Number of protein chains: 2
Amino acid sequence: MALIVQKFGGSSVANAERVFNVASIITDTYKKGNNVVVVVSAQGDTTDDLIEKAKEINPNASKREMDMLLTAGEQISISLLAMAIEKLGCPVISLLGWQAGFKTNSAYGSARISEVTPDRLQKELDGKKIVIVAGFQGLNKYDDMTTLGRGGSDTSAVAIAAALHADRCQIFTDVTGVYTADPRKVENAQKLKDITYDEMLEFATLGAQVLNNRSVEMAKKYNVELEVLSSLVREDGTIVREVANMEKMLIRGVTKDTDIARISVVGMKDIPGNAFKMFSRLAQKGINIDVILQSVGRDGTKDISFTCASSNADDAVAILKDIFDMEGAVVSSDTTVAKVSIVGAGMQSHSGTASKMFGALYEAGININMISTSEITISVLIDKEYADKAVSAVHKAFFG
Amino acid sequence: MALIVQKFGGSSVANAERVFNVASIITDTYKKGNNVVVVVSAQGDTTDDLIEKAKEINPNASKREMDMLLTAGEQISISLLAMAIEKLGCPVISLLGWQAGFKTNSAYGSARISEVTPDRLQKELDGKKIVIVAGFQGLNKYDDMTTLGRGGSDTSAVAIAAALHADRCQIFTDVTGVYTADPRKVENAQKLKDITYDEMLEFATLGAQVLNNRSVEMAKKYNVELEVLSSLVREDGTIVREVANMEKMLIRGVTKDTDIARISVVGMKDIPGNAFKMFSRLAQKGINIDVILQSVGRDGTKDISFTCASSNADDAVAILKDIFDMEGAVVSSDTTVAKVSIVGAGMQSHSGTASKMFGALYEAGININMISTSEITISVLIDKEYADKAVSAVHKAFFG
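Scoring rules and cut-offs
Residues numbered from 1 in each chain as written. Chains lettered and ligands numbered in written order. Predicted model: local features only at pLDDT ≥ 70, side-chain atom pairs only at ≥ 80, totals over all residues. Helix = DSSP H or I, 4+ residues; strand = E, 2+ residues; numbered from the N terminus. Rg over C-alpha atoms; globule rule 2.2 N^0.38 Å. Contact = placed C-beta atoms within 7 Å. Buried ≥ 20, exposed ≤ 12 C-beta atoms within 10 Å, placed from the backbone. Least-squares fit on C-alpha atoms with pLDDT ≥ 70 in both. Nonpolar A, V, L, I, M, F, W, Y, C, P; charged D, E, K, R; others polar. Pairing = 2+ DSSP bridges. Axes fitted to C-alpha atoms, helices over the stretch in contact; angles between N-to-C directions. Left-handed = near helix turned anticlockwise from the far one by under 90°. pLDDT = per-residue confidence, 0-100. Core = buried A, V, L, I, M, F, W, Y, C linked by C-beta atoms within 7 Å. Parallel < 35°, antiparallel > 145°, perpendicular 65-115°, else oblique. Expected span 1.5 Å × (residues − 1). Arc of directions from axis to C-beta.

Looking only at helices and strands, chain A features eleven helices and 20 strands. Relative to a compact globule of 400 residues, whose C-alpha radius of gyration would be 21 Å, chain A shows 24 Å and is just as compact. Across its three principal axes, chain A shows a C-alpha extent of roughly 75 × 55 × 30 Å. Considering only contacts in chain A between residues 6 or more positions apart, those separated by 24 or more positions represent 74%.

Residue and element names in this part refer to chain B. Its place among the elements puts Gly297 in the loop between strand 15 (289-296) and strand 16 (301-309). Classification of Gly297 as partly exposed rests on a count of 17 C-beta atoms within 10 Å. Spatially, the C-alpha atom of Gly297 lies 9.4 Å from that of Lys269, the residues being 28 residues apart in sequence. With near-sequence residues (within four places) excluded, Gly297 lies in contact with Val266, Gly267, Lys302 and Asp303.

Next up on the list: the relation of the copies chain A and chain B. When chain A is brought onto chain B, the operation consists of a screw motion whose angular component is 179° and whose axial shift is 0.0 Å, with 0.3 Å RMSD remaining. On this basis, the relationship between the two copies can be described by a two-fold rotation axis. No C-alpha of chain A lies nearer the rotation axis than that of A:Ala72, which sits 2.3 Å from it. Same-surface contact between copies: 100% of interface residues of chain A are shared with the interface of chain B.

To continue, consider the interface of chain A and chain B. At the interface, 27 residues of chain A touch 27 residues of chain B. Breaking the side of chain A that touches chain B down by element, the ones donating at least two residues are helix 1 (16-31), helix 2 (46-57) and helix 3 (63-87) of chain A. Considering each element in turn, the side of chain A that touches chain B owes the most residues, 14 residues, to helix 3 of chain A. A per-class count over the side of chain A that touches chain B returns 15 nonpolar, six polar and six charged.

All right, on to the pairing of strand 20 (residues 377-383) of chain B then. All names here are of chain B. Most of strand 20 sits inside the fold, with six of its seven residues counted as buried. Bridging between strand 18 (residues 337-343) and strand 20 involves seven bridges; their strand directions are antiparallel. When the bridges of strand 20 are listed, Val343 appears paired with Thr377. As paired strands, strand 19 (residues 370-373) and strand 20 are joined by four bridges and run antiparallel to one another. Within the sheet, the bridge partner assigned to Thr373 lies in strand 20 and is Ile378. The antiparallel pairing of strand 19 with strand 20 creates a hairpin that spans three residues between the two strands.

As a further point, take the sheet that holds strand 9 (residues 168-173) of chain A. Residue and element names in this part refer to chain A. The strand order across the open sheet formed by eight strands is 3-6-2-1-9-11-12-10, and the pairing between neighbours is mixed. This sheet does not close on itself; its edge strands, each paired only once, are strand 3 (92-95) and strand 10 (194-196). Between one strand axis and the next, the sheet turns through 20° on average, direction left out of account. Of the pairings in the sheet, the one linking strand 11 (residues 226-230) to strand 12 (residues 238-241) comprises three bridges and is antiparallel in character. In the sheet register, Val228 faces strand 12, and the bridge partner there is Thr238. Most of the contacts of helix 3 go to strand 6 (residues 130-134), to which it runs at about 165°, and overall it touches strand 2 (35-40), strand 3 and strand 6. Together, strand 1 (3-8), strand 2, strand 6 and strand 9 form the strand contacts of helix 5 (residues 152-163), whose direction differs from that of strand 1 by roughly 175°.

Residues and elements named next belong to chain B. One can describe the packing of helix 1 (residues 16-31) onto helix 3 (residues 63-87) by two numbers: an axis separation of 9 Å at closest approach and a directional angle of 60°. The handedness of the crossing between helix 1 and helix 3 comes out as right-handed. Here Val19, Phe20, Val22, Ala23, Ile26 and Thr27 of helix 1 lie close against helix 3, whose contacting residues are Leu80, Leu81, Ala84 and Ile85. Partitioning the contact of helix 1 with helix 3 into residue classes produces nine nonpolar, one polar and no charged.

Scored by pLDDT, chain A comes out at a mean of 92, with 98% of its residues at no less than 70. Across the interface, the model reports ipTM at 0.86; the global pTM reads 0.87.

Looking now at the nonpolar core. Grouped together as the largest cluster of nonpolar side chains are 249 residues, with contacts concentrated most on A:Leu81, A:Ile160, B:Leu81 and B:Ile160. For this core, the leading source of residues is helix 3 of chain A, giving 13 residues. In contact with A:Leu81, not counting residues within four places along its chain, are A:Val13, A:Val19, A:Val22, A:Ala23, A:Val40 and A:Ile132.

Residues and elements named next belong to chain A. The backbone of Asn188 shows a phi angle near 70°, a positive value even though the residue is not glycine. Topologically, Asn188 is positioned in the loop between strand 9 and strand 10. A residue is classified by how many C-beta atoms lie within 10 Å of it, and Asn188, with 12 of them, is exposed. Located in the positive-phi region is Asn223, a residue other than glycine, with phi close to 55°. Tracing the backbone shows Asn223 in the loop between helix 7 (213-221) and strand 11. Overall, Asn223 belongs to the exposed group, with 12 C-beta atoms counted inside 10 Å.

In this section: the packing of helix 2 of chain A against helix 3 of chain B. Two elements in contact, helix 2 of chain A and helix 3 of chain B, have axes separated by 9 Å at closest approach and are oriented at 30°. In terms of orientation, helix 2 of chain A and helix 3 of chain B fall into the roughly parallel class. For the pair helix 2 of chain A and helix 3 of chain B, the sense of crossing is right-handed. Taken together, the residues of helix 3 of chain B that come into contact with helix 2 of chain A (itself represented by A:Leu50, A:Lys53, A:Ala54 and A:Ile57) are B:Ile76, B:Leu80, B:Met83, B:Ala84 and B:Lys87.

Let us look at helix 9 (residues 313-324) of chain A. All names here are of chain A. Its twelve residues place the ends of helix 9 16 Å apart at the C-alpha level, agreeing with the 16 Å of an ideal helix rising 1.5 Å per residue. Among all positions of helix 9, only Ala316, Leu320 and Phe324 are buried. Along the axis of helix 9, the buried residues cluster in a sector spanning 45°; they form a single face. Exposed and oriented more than 90 degrees from the buried face of helix 9 are Asp314, Ala318 and Asp322. On its buried side, helix 9 packs onto strand 14 (260-269), helix 8 (274-284), strand 16 (301-309) and strand 17 (330-334).

A few words on the sheet that holds strand 18 of chain B. Note: strands within a sheet are paired through backbone hydrogen bonds, in either parallel or antiparallel orientation. Residue and element names in this part refer to chain B. The strand order across the open sheet formed by four strands is 13-18-20-19, and the pairing between neighbours is antiparallel. Every interior strand has two partners, whereas the edge strands, strand 13 (253-257) and strand 19, have only one. Here the average twist between neighbouring strands, direction ignored, is 20°. Its contacts with the sheet place helix 11 (residues 387-399) against strand 13, strand 18 and strand 20, and it is angled at close to 20° to strand 18.

Let us look at the environment of A:Gly253. All names here are of chain A. Considering the arrangement of structural elements, one finds Gly253 in strand 13 (residues 253-257). Expressed as a C-alpha distance, the spacing of Gly253 and Val391, which sit 138 residues apart in the sequence, is 9.5 Å. Residues contacting Gly253, with those up to four places away along its chain left out, are Tyr179, Thr180, Ala181, Phe203 and Val343.

If you want it as structure tokens, here you go:
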């Protein structure tokens, strides 16, 4: 008998049919003798519909009242899911975030969980009930409803799994697991049996949005074993844990990110502090910088290029022009680029990973613009039009 | 400066426009220097829509989960109303039933308020905020959400007014007050300035559904001054209080109830216990009996007639046939009847009220079937087709 936490997103409970699909996954797990806690988001478009209602009345409504409004969404989904499980004949109870012991800080709209006190939850589990918990929500020190912000339900699930020392936290999604590359685009893409927290974090950062980063970080911190799996296809998913079975795999997968821009400053005066000035101003505006390349330019100047999200490109250019126009440096942006990366803790103990990747790109006739490496990733910047081709070529080199 | 509790029903906040209408009533009251607590129901059809969703999934859902579902309805309306008041520039906060201190018993779906602990509410009032409270809901000793059942929001408002010793509890409706007769049907129907709790209770019982009986009973018990008024027409309503200004008025009004049936048992054996058997069996089935008439029949038998809600007629007949068929008594029902009543505490100290009523009916050529009286009411049973004519005739006799 194990204690399993299961998390289902809003689309998996969008209508009565899907609610029953989810209910049957839950009751099957329960009937195998497990204790089951379920975290569920608001149904389908409920949250968006509520936001629309609020906007109609007051586009500048306080965040406190927005959270009061939005937390009603999960209240509806947990009770409906509980009713479906009642219909399937299993004992069940639904609990709001605060009933399940979720305490948060007071940052309405993007609150952080400060504590989970699962006394009530444990009591219901001891009574052999399936417990359905409203994700995405908690209560602050004023006894007011708060929401955890986007991706909050994943975090709710991991926090409960940590508080209850659950054996596993299953995150149900619309994909059957984490793949070595996007299976819709890359032939022979393979589902991973397991992956480490760090690799999963890199995957998320590099553009493969399967799990919310905050929840993976929390799972790592509290050593919660995650499983990414599908709510529609009943098969084993991918396990995310501290140490994954890595001996056979040099890398875990190949990802691409096409929503990026390369910003270049050419002909900057080569004096101390220029790079600092540049990146601190960008940071102040909340622009995250990724790959950075600095090179020596002509006549004692230097050039700096970096990448950021393409949505930040115009802001970044404006900031840099403000700094460097006076110096005569030329600022430009290029959104026709893509980043292709390989991820794998295995590359730490194997030499030749980078050359294998670069060789595959060379053979495919793809030019590399910039290169960036971390302990468990190697990323290259290439022309956007070759992104899919590059992923396939690199994937083939590593996975055959 | 007074403390005013205002209650608005679901139809008065059904859409954004109506929400703002209600918000302006509230802020006008606040700007006059009053402390204002508002109790509001779920918007328009929200509750019915949620019930429909539940039925689709499980028509036999537990009442506990139904209450979890339905309490989301007021959570939506209180936050939207608070947002509208924010937009109008007044300080405001919304509170769920439990945040406002509503403790109830555990009769999910029809819970009774056991206690209101208004600490949080008082604190927000002290902070000069308008407080919007979710009606119809509370929390039981298990910390689970409960609903108070139909008409519950009126009761919520009166309970808050009692707990805070409010100066007045205004119940906003779609009528501008309590009238001497239905103003849509009776010429010269007058709005009452005030009326006693007992008179109001009789009005409600006799078919004029303005206020929920339970809330009037609670207002009487805690001596809360009620006002019935319109959310659409800005004018003084009718005050409901212990002692009303009654010297000038013999009676308060004339009402009719056409949803009744007369059930007759003719030729019952005249032996002790028959009436007891009859009415106890009906009570067991939850059938409320109103006017009862017993007369001596032929050959040492007796006849009993009584009235009940027309929706109970078939059940009542079936029960009575089961008892009396063996005895040869004849059971029949008649739904072509109506009850016309006059209500007024003034009749206690004035003789001739009944004869004035009967005289008016005689002059209008309307035959009286049965008569029933209480301390402050006189009711007659007549043919349903003459109901409106009877009300007009009686109203004219008393109010000119």
